[in-house]
Amino acid sequence: MDFKFSKEHEEFREKARNFGKKEFTNDRKVHFDSEEKYPEELRKLAYESGLVTYSDPWKVLIAIEELCAIDPGLGIASTIPYFGAEVLLLFGSDLLKEKYLGRINEGKAIMGLAVTEPSGGSDVAGCRTKAERKGNKYVVNGSKMFISNGNIADFLITLVRTSDADPKRHHGLSVLVIDTSSPGFKATKLTGKLGVRATTTSEIVFENVEVPEENLVGEVGKGFYYIMTFFNISRVFVAAQGVGVAQGAFNRALEIAKSRGEKFSGREDVQFILAEMATKIKAARTLTLEAASYLFNFEPNPTVTSMAKQLAGETAVYVAEKALELAGIEAVNSDLERIFRDAKILEIWEGTSEIEKLVISRNLLKGEAF
Amino acid sequence: MDFKFSKEHEEFREKARNFGKKEFTNDRKVHFDSEEKYPEELRKLAYESGLVTYSDPWKVLIAIEELCAIDPGLGIASTIPYFGAEVLLLFGSDLLKEKYLGRINEGKAIMGLAVTEPSGGSDVAGCRTKAERKGNKYVVNGSKMFISNGNIADFLITLVRTSDADPKRHHGLSVLVIDTSSPGFKATKLTGKLGVRATTTSEIVFENVEVPEENLVGEVGKGFYYIMTFFNISRVFVAAQGVGVAQGAFNRALEIAKSRGEKFSGREDVQFILAEMATKIKAARTLTLEAASYLFNFEPNPTVTSMAKQLAGETAVYVAEKALELAGIEAVNSDLERIFRDAKILEIWEGTSEIEKLVISRNLLKGEAF
Amino acid sequence: MLKGSAKEFVAKYVPQGENGLEKSGITKDLTKALAELGFLNMCLPAEAGGAALDEEPYLAVLGEFSKYEPSIAMEILLVNSVAASILSKFEDGLQALAKTGAGELGFIVSPPSPYARNSFHSDHVSLDAELSVVLGNGTDYMIVSDLDGRTLYVKDEIRFKRFPRPLGFRALQWGKAEAKKSQYESVGKGMLEEAFSSGMSRAVSSIALGIAETAIDKTIEYTKVRKVFNTPLKDFGPVAGAISRMKVEAELLRSGLAAQSVDAEILRHKALDLALDASRTAVQYHGGYGYFEAFGIEKLYRDSMVMKMMFGGVDQDLLLYRKTFRSDSGII
Amino acid sequence: MLKGSAKEFVAKYVPQGENGLEKSGITKDLTKALAELGFLNMCLPAEAGGAALDEEPYLAVLGEFSKYEPSIAMEILLVNSVAASILSKFEDGLQALAKTGAGELGFIVSPPSPYARNSFHSDHVSLDAELSVVLGNGTDYMIVSDLDGRTLYVKDEIRFKRFPRPLGFRALQWGKAEAKKSQYESVGKGMLEEAFSSGMSRAVSSIALGIAETAIDKTIEYTKVRKVFNTPLKDFGPVAGAISRMKVEAELLRSGLAAQSVDAEILRHKALDLALDASRTAVQYHGGYGYFEAFGIEKLYRDSMVMKMMFGGVDQDLLLYRKTFRSDSGII
């Protein structure tokens with residue numbers, strides 16, 4: 001049992017925090033939120049500062065947590081260009097890794113994951129986007145919804161249906177890497193999001209998009225499994241987003257309480273709210289680190305991962321709301337109101353809280369330990 | 001970061017679990033609960049089986065968790081004879097350690113901690129029991145309330161007021177070891193507890209009880225500090241009680257859900273309840289282990305400890321209630337109903353949940369990390 | 001007509017001190033006394049010698065008894081809502097019902113649950129059955145729902161094994177029961193389920209609300225006088241807040257119970273939740289004292305939990321969902 | 001008298017589509033139209049040309065507008081409850097109030113908070129002040145509480161810097177304000193605090209409840225048609241359960257609002273909590289769609305949070321505690 005980060009990681013945490021404090025200026029926070037714009041320059045800065053590196057997943061997790069505590073929108077936007085990379089890392093051919101991950105690792109490309117569909121929501125197996133084999137190509141038709149990076153990515157890891165034959169819906173799915181420059185690919189940026197407005201979200205339409213056969217990830221028909229495996233990885237990082245967002249809201253609430261002096265911070269009802277916030281954050285963080293520890297040691301525990309993701313999302317929303325309640329109407333135009341708007345997405349993306357609970361309980365009923 | 005127990009500890013967990021399964025028979029569970037009687041034979045058995053050993057605090061924690069999952073009353077009763085030992089270990093003279101802890105370590109004596117007073121409740125500094133220095137003795141007068149082991153202990157670590165002079169209430173307190181065989185010592189067993197009825201609880205009156213001066217623990221006037229230090233230790237073990245109780249209630253709920261078949265366990269509302277129980281338990285356990293890890297490495301973190309204690313107590317009560325709700329009226333006379341009655345004490349003793357929250361928030365306002 | 005109040009009755013007939021009635025149980029004499037004052041036949045039909053009162057005085061009586069002794073409220077409920085709704089349906093039952101309302105017969109009922117570990121073997125004449133949980137005020141007859149949902153009135157040959165310490169409502173008789181070659185009649189399908197779910201929602205709400213209000217009021221009084229850190233408990237914001245919010249909820253539910261416009265199912269769910277919250281909080285704020293029978297607080301927590309188990313489980317939830325969506329929902 | 005319904009008004013005057021009014025804001029013309037139909041002077045005294053209506057139609061109007069466009073409900077509230085209660089207290093104010101009710105003057109108010117970062121310098125003649133948060137429907141005059149709790153009516157020289165994207169009620173004007181050598185009158189102590197806490201509890205409850213009901217109804221409709229795993233969302237037990245429980249709460253509060261017997265403070269607290277819960281849940285069950293303005297759901301969550309911040313903070317809680325314990329409590 002060891003609950004402490006190494007000195008190297010603690011130093012990295014300091015570095016990430018300092019980066020966020022310096023680069024996530026108030027002007028940038030407000031600008032990218034109100035303009036609903038992706039902060040390309042911050043992505044580059046974060047890359048160049050060595051903040052986002054897949055050489056050490058702990059560092060990615062730490063960077064996400066620290067940056068989200070300073071600004072969730074900018075924090076996620078700076079760390080999301082690699083979204084979906086694990087699918088290629090785990091299941092992609094050497095050719096695909098070289099062709100696509102190389103550019104990603106050099107900070108020269110942005111990628112994304114296209115799974116959700118307009119009718120599908122949480123129902124991954126309901127995938128209707130079709131890929132028909134024609135000669136040495138796949139021809140893709142269909143649409144995807146709420147795709148992060150959809151309109152800025154160079155390529156997308158895309159879930160497609162390659163067979164209708166099997167009565168089990170989650171069979172017959174495969175994963176393709178699709179270049180966004182392909183003819184017939186169309187991404188429409190969706191605007192008017194409640195929060196995380198520095199990230200970009202798109203609707204995507206594939207109209208006879210041709211994809212070379214070598215862009216198939218792994219084997220035909222195993223797409224559902226690949227994506228589920230990926231979610232069990234990405235959910236740990238999403239949990240870290242939640243922990244960071246909650247911590248950011250808490251830090252501000254604590255500052256506000258202190259700044260109002262003993263008459264406010266000495267009140268036991270105020271103190272209880274602070275204690276309840278902090279306890280929830282601590283529990284979510286420790287659980288997230290436990291899930292990460294299993295994952296990073298190649299012994300992932302999907303039950304614990306889903307618990308961490310669900311708890312962290314809930315905590316982010318809870319703490320953001322409570323922070324605004326403590327702050328009162330003074331916060332109607334503030335960092336905290338933005339954090340509140342950003343927080344809610346954490347209960348929705350990468351598996352809604354409802355999906356996480358089903359994953360958890362089904363594992364429990366199967367007798368899996370937690 | 002390492003969230004796994006060593007092989008030795010895993011084996012010890014298995015051993016503790018097997019002990020509980022074997023010795024905590026249904027007859028014993030029902031008997032000691034309904035008769036409200038202390039299971040002296042189980043205390044001895046647990047001692048002889050090497051289950052409760054202060055050579056390794058992790059083992060104590062594991063034993064508490066496992067035994068409480070099987071039966072909270074018997075589990076606590078079997079592991080409580082040493083209650084208060086850390087005060088002597090940390091602050092007692094060699095003489096006191098030899099005189100008292102020796103017999104404890106041999107399983108030949110039972111001890112307890114006498115802090116709470118009838119008027120005091122959670123207010124430790126409000127201690128009114130007086131110890132007046134007369135020659136080479138202290139003469140103690142006053143009363144204590146809700147003292148675990150009070151009527152079965154051979155001696156009690158007792159908080160007394162040795163000076164009224166200081167305006168700060170928590171000054172002027174000291175700790176004495178008081179033999180329960182001393183003239184003027186009277187313990188009255190309190191009956192009619194809601195739960196943990198296999199443990200014993202007493203009201204104690206000191207009437208001119210003479211205590212030799214060498215029975216003073218540490219220095220005069222430092223009693224409040226010693227007791228607070230002790231609570232920061234004992235709360236970790238109480239948190240483990242809470243985790244165990246919650247796990248015990250959950251195990252039974254899961255069994256019930258499974259035994260009712262797909263028509264019940266396949267319902268999503270049932271599944272959500274199971275998932276929410278398990279997530280809370282997991283979070284409380286991980287947090288408890290984190291607090292323990294700091295403590296056992298001699299770097300206690302009182303904030304995290306109080307968080308663990310509060311969360312574990314809340315979880316025990318929540319899970320016990322939800323388990324009964326799932327089970328329905330069939331459980332009106334069952335293990336689960338007893339666990340429900342046992343659980344509530346975990347939000348009350350060793351610092352109520354309210355006290356924990358104040359400890360947490362005051363540390364937070366002082367700027368302490370968590 | 002009623003010849004006295006719950007308060008007077010309790011003062012006269014219920015042993016005082018530590019959870020008085022829990023130790024002695026509801027005796028034959030006590031049941032008789034309840035009947036004589038008119039509490040056991042309030043809602044019975046005139047054909048069974050009942051007063052056939054409206055719901056309003058009935059709810060008031062249940063609410064008042066639940067403040068002093070929930071077990072008596074539950075006995076009144078079992079007779080006036082359960083026995084009355086089942087036995088009044090046929091001639092043979094009316095006689096037994098009349099005697100029950102007069103305190104001359106006592107009965108047990110098996111709360112319907114699809115998961116009860118019950119077994120039944122019957123032909124047209126007689127019944128063998130094992131029931132895992134029953135409760136009531138005597139064993140002269142039994143009302144039970146069989147595995148096909150038929151409501152059975154079992155007339156004789158009932159063996160009852162009492163649980164020594166059930167979780168709550170300890171003054172009632174709880175236990176296992178067996179029927180051996182018992183005479184029985186099959187009264188109708190789903191009647192007992194109906195009685196235990198929507199049928200007596202308002203009555204159940206009134207009991208739950210009574211328990212909740214008792215817990216809240218006792219806690220308010222205690223926190224005014226109990227001091228910690230030289231300060232009355234009520235002056236700690238979180239204490240004041242938690243109690244205030246529950247009192248708020250109780251007032252709302254009280255007003256909802258009076259208003260015929262609020263759905264009964266709704267009231268039951270909220271009242272059951274409030275009773276559990278309020279009694280749990282009462283134990284908490286009474287601290288160590290609340291944990292002991294002598295203070296009469298922990299009992300409220302146990303009784304509330306039993307109410308929730310019996311009337312507010314996941315199966316009863318489904319009925320509520322159906323109302324919200326005006327169709328089946330919550331089931332895939 | 002009222003010359004139309006909220007529904008008609010919204011259909012006629014409010015731009016349709018993505019959170020229509022949030023983009024355009026409440027214009028002078030819209031305010032004028034509201035006034036012409038009688039919505040802005042409903043509760044104004046006759047001396048200020050008001051209709052002096054009872055509370056009942058006022059609550060109904062607020063509730064109805066809040067279902068379609070909460071910002072309009074808030075504007076009506078600010079005029080009829082805030083401006084009316086302050087300005088009607090003295091002759092000089094009546095004139096401004098009459099013009100406000102006629103839609104000719106707009107004003108801003110600084111929601112009272114002991115923690116506002118406001119500053120004041122005044123002599124008998126004029127006022128310099130900086131206000132960190134104000135909201136309203138124009139800047140012709142300003143109502144504000146100074147650091148001594150005096151309620152000030154500030155008549156001229158008001159500079160207003162608008163927040164481009166406040167959290168909620170975006171159709172109103174939110175911003176910082178400054179007074180520079182402004183003429184002012186001091187109207188009385190604690191009046192604005194009173195208006196924002198208990199003074200308009202029922203009116204605030206009506207708005208919050210309207211938002212909550214909208215969130216619940218939209219979610220019920222959506223979960224009936226939206227399918228996941230080939231099953232309508234409503235058929236998932238936890239979804240049905242969460243919605244049912246909120247609907248239950250809304251019905252209870254609706255009945256409580258109708259019953260004069262339920263304490264107004266109580267209603268406000270519960271209605272504010274319900275609005276936040278219901279709108280948060282609505283976003284959740286609308287999934288990705290709920291997160292986008294186009295669906296009109298996320299707006300309910302933002303507006304509810306602002307309601308809670310303005311009317312349900314920890315300071316307002318203390319008033320509730322005091323009622324429960326019939327004395328100060330929650331303060332050491």
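Residues numbered from 1 in each chain as written. Chains lettered and ligands numbered in written order. Predicted model: local features only at pLDDT ≥ 70, side-chain atom pairs only at ≥ 80, totals over all residues. Heavy atoms only, no water.

Caption draft 1: Spotlight on the overall build of chain C. In terms of regular secondary structure, chain C is built from 13 helices and nine strands. In terms of overall size, chain C behaves like a compact globule, its C-alpha atoms giving a radius of gyration of 20 Å where 332 residues would be expected to give roughly 20 Å. Along the first, second and third principal axes, the C-alpha atoms of chain C reach 70 × 50 × 35 Å. Nonlocal contacts in chain C, meaning residues at least 24 apart in sequence, comprise 72% of its contacts between residues at least 6 apart. When the accessible surface of chain C is split by element, carbon and sulfur atoms take 50% of a total near 11,900 Å². Looking at charge distribution, chain C has the averaged site of its 39 positive side-chain charges lying 5 Å from that of its 43 negative ones. (Helix = DSSP H or I, 4+ residues; strand = E, 2+ residues; numbered from the N terminus. Rg over C-alpha atoms; globule rule 2.2 N^0.38 Å. Contact = heavy atoms within 4.5 Å. Areas by Shrake-Rupley, 256 points an atom, 1.4 Å probe, with all protein chains shown as cover. Lys, Arg positive; Asp, Glu negative; His and termini not counted. Charge placed at Lys NZ, Arg CZ, Asp CG, Glu CD.)

Caption draft 2: Summary view of the pattern of salt bridges. Across all of its chains, the model carries 122 salt bridges over all chains by this definition. Glutamate 69 of chain D serves as the salt-bridge partner of lysine 299 of chain D, at 3.3 Å between the closest nitrogen and oxygen. Placement of lysine 299 of chain D in helix α12 (residues 298-311) and of glutamate 69 of chain D in the loop between α4 (55-68) and α5 (70-87) is noted, with a sequence separation of 230 residues between them. Owing to a relative accessible area of 4%, glutamate 69 of chain D belongs among the buried residues under this scheme. Note that lysine 270 of chain D and glutamate 249 of chain D form a salt bridge whose closest N and O atoms lie 3.5 Å from each other. Within this pair, whereas lysine 270 of chain D is found in helix α10 (residues 264-285), its partner glutamate 249 of chain D is found in helix α9 (residues 237-258), the two being separated by 21 residues in sequence. The same class applies to lysine 270 of chain D as to glutamate 249 of chain D, namely buried. Overlapping salt bridges, with partners in common, bring together Asp33, Glu36, Arg197, Glu337 and Arg341 of chain A together with Lys23 and Glu293 of chain D in one network. (Salt bridge = Lys/Arg side-chain N within 4 Å of Asp/Glu carboxyl O. Buried < 20%, exposed > 50% of the residue type's maximum accessible area, 1.4 Å probe, protein only.)

Caption draft 3: Fine view of the environment of leucine 97 of chain D. All names here are of chain D. Checked against the element boundaries, leucine 97 lands in helix α6 (residues 91-101). Considering only alpha carbons, one finds leucine 97 and phenylalanine 311, 214 residues apart in sequence, at a separation of 23 Å. Residue contacts for leucine 97: discarding those within four places in its chain leaves Leu44, Pro45, Ala48, Ala83, Ala84, Leu87 and Ser88.

Caption draft 4: Region of interest: helix α13 (residues 314-325) of chain D. All names here are of chain D. The first and last C-alpha atoms of α13 sit 17 Å apart over twelve residues, in line with the 16 Å expected at 1.5 Å per residue. The complete set of buried residues in α13 reads Val314, Gln316, Asp317, Leu318, Leu320, Tyr321, Thr324 and Phe325. The positive-phi residue at the C-terminal boundary of α13 is arginine 326, with phi of around 55°. (Expected span 1.5 Å × (residues − 1).)

Caption draft 5: Layout of the side chain of glutamate 354 of chain B. One can find glutamate 354 of chain B in helix α13 (residues 353-365). Buried and without a salt bridge, glutamate 354 of chain B has lysine 357 of chain B as its closest oppositely charged side chain, separated by 6.2 Å. Apart from the residues within four sequence positions on either side, glutamate 354 of chain B is in contact with Phe272 of chain A together with Gln284 and Tyr285 of chain C.

Caption draft 6: Focus on the environment of alanine 96 of chain C. Residues and elements named next belong to chain C. Looking at the secondary structure, you find alanine 96 in helix α6 (residues 91-101). Assessed through its relative accessible area of 7%, alanine 96 is described here as buried. Between the alpha carbons of alanine 96 and phenylalanine 107 there is a distance of 9.8 Å; along the sequence they are eleven residues apart. Residues within four places of alanine 96 in sequence aside, it is in contact with Leu87, Leu105, Tyr141 and Tyr153.

Caption draft 7: Broad picture of the interface of chain A and chain B. The interface is formed by 44 residues belonging to chain A together with 44 residues belonging to chain B. Across the interface of chain A and chain B, roughly 4,300 Å² is buried in total on both sides, 69% from carbon and sulfur atoms. For chain A, the biggest contributors to the area lost against chain B are Met1, Phe3 and Phe370 of chain A; these three give 20% of the whole. Where chain A touches chain B, the interface holds eight salt bridges. (Buried area = accessible area lost by both parts, 1.4 Å probe.)

Caption draft 8: Broad picture of the relation of the copies chain A and chain B. Rotating chain A by 180° and moving it 0.0 Å along the rotation axis overlays it on chain B with an RMSD of 0.0 Å. Interpreted geometrically, this transformation is the action of a two-fold axis. The position closest to the rotation axis in chain A is occupied by the C-alpha of aspartate 2 of chain A, lying 2.4 Å away. Comparing interface residues between copies, 100% of those in chain A also lie at the interface in chain B; the contact surface is shared. (Least-squares fit on C-alpha atoms with pLDDT ≥ 70 in both.)

Caption draft 9: Up close: the domain arrangement of chain C. Residue and element names in this part refer to chain C. Splitting chain C by domain gives domain 1 (2-101), domain 2 (107-189) and domain 3 (197-325). Taken together, the contacts link 22 residues of domain 1 with 17 residues of domain 2. Around 1,700 Å² of area is buried between domain 1 and domain 2 when both sides are counted, 69% of it from carbon and sulfur atoms. The interface formed by domain 1 and domain 2 includes three salt bridges. The salt bridge involving lysine 155 is made with aspartate 92; its shortest N-O contact spans 2.5 Å. Connecting domain 1 to domain 2 are four residue pairs in polar contact (both at pLDDT 80 or more). (Domains from an automatic or database assignment. Polar contact = N/O pair within 3.5 Å; in protein donor to acceptor, adjacent residues only side chain to side chain.)

Caption draft 10: Quick look at the packing of α10 of chain D against α12 of chain D. Residues and elements named next belong to chain D. At a closest axis distance of 8 Å, the pairing of α10 and α12 adopts a crossing angle of 155°. Of the possible angle classes, the one that applies to α10 and α12 is roughly antiparallel. Here α10 and α12 pass one another in a crossing that is left-handed. In contact with Arg268, Leu272, Asp273, Ala275, Leu276, Ser279, Arg280 and Val283 of α10, α12 contributes Glu298, Leu300, Tyr301, Ser304, Met305, Met307, Lys308 and Phe311. (Axes fitted to C-alpha atoms, helices over the stretch in contact; angles between N-to-C directions. Parallel < 35°, antiparallel > 145°, perpendicular 65-115°, else oblique. Left-handed = near helix turned anticlockwise from the far one by under 90°.)

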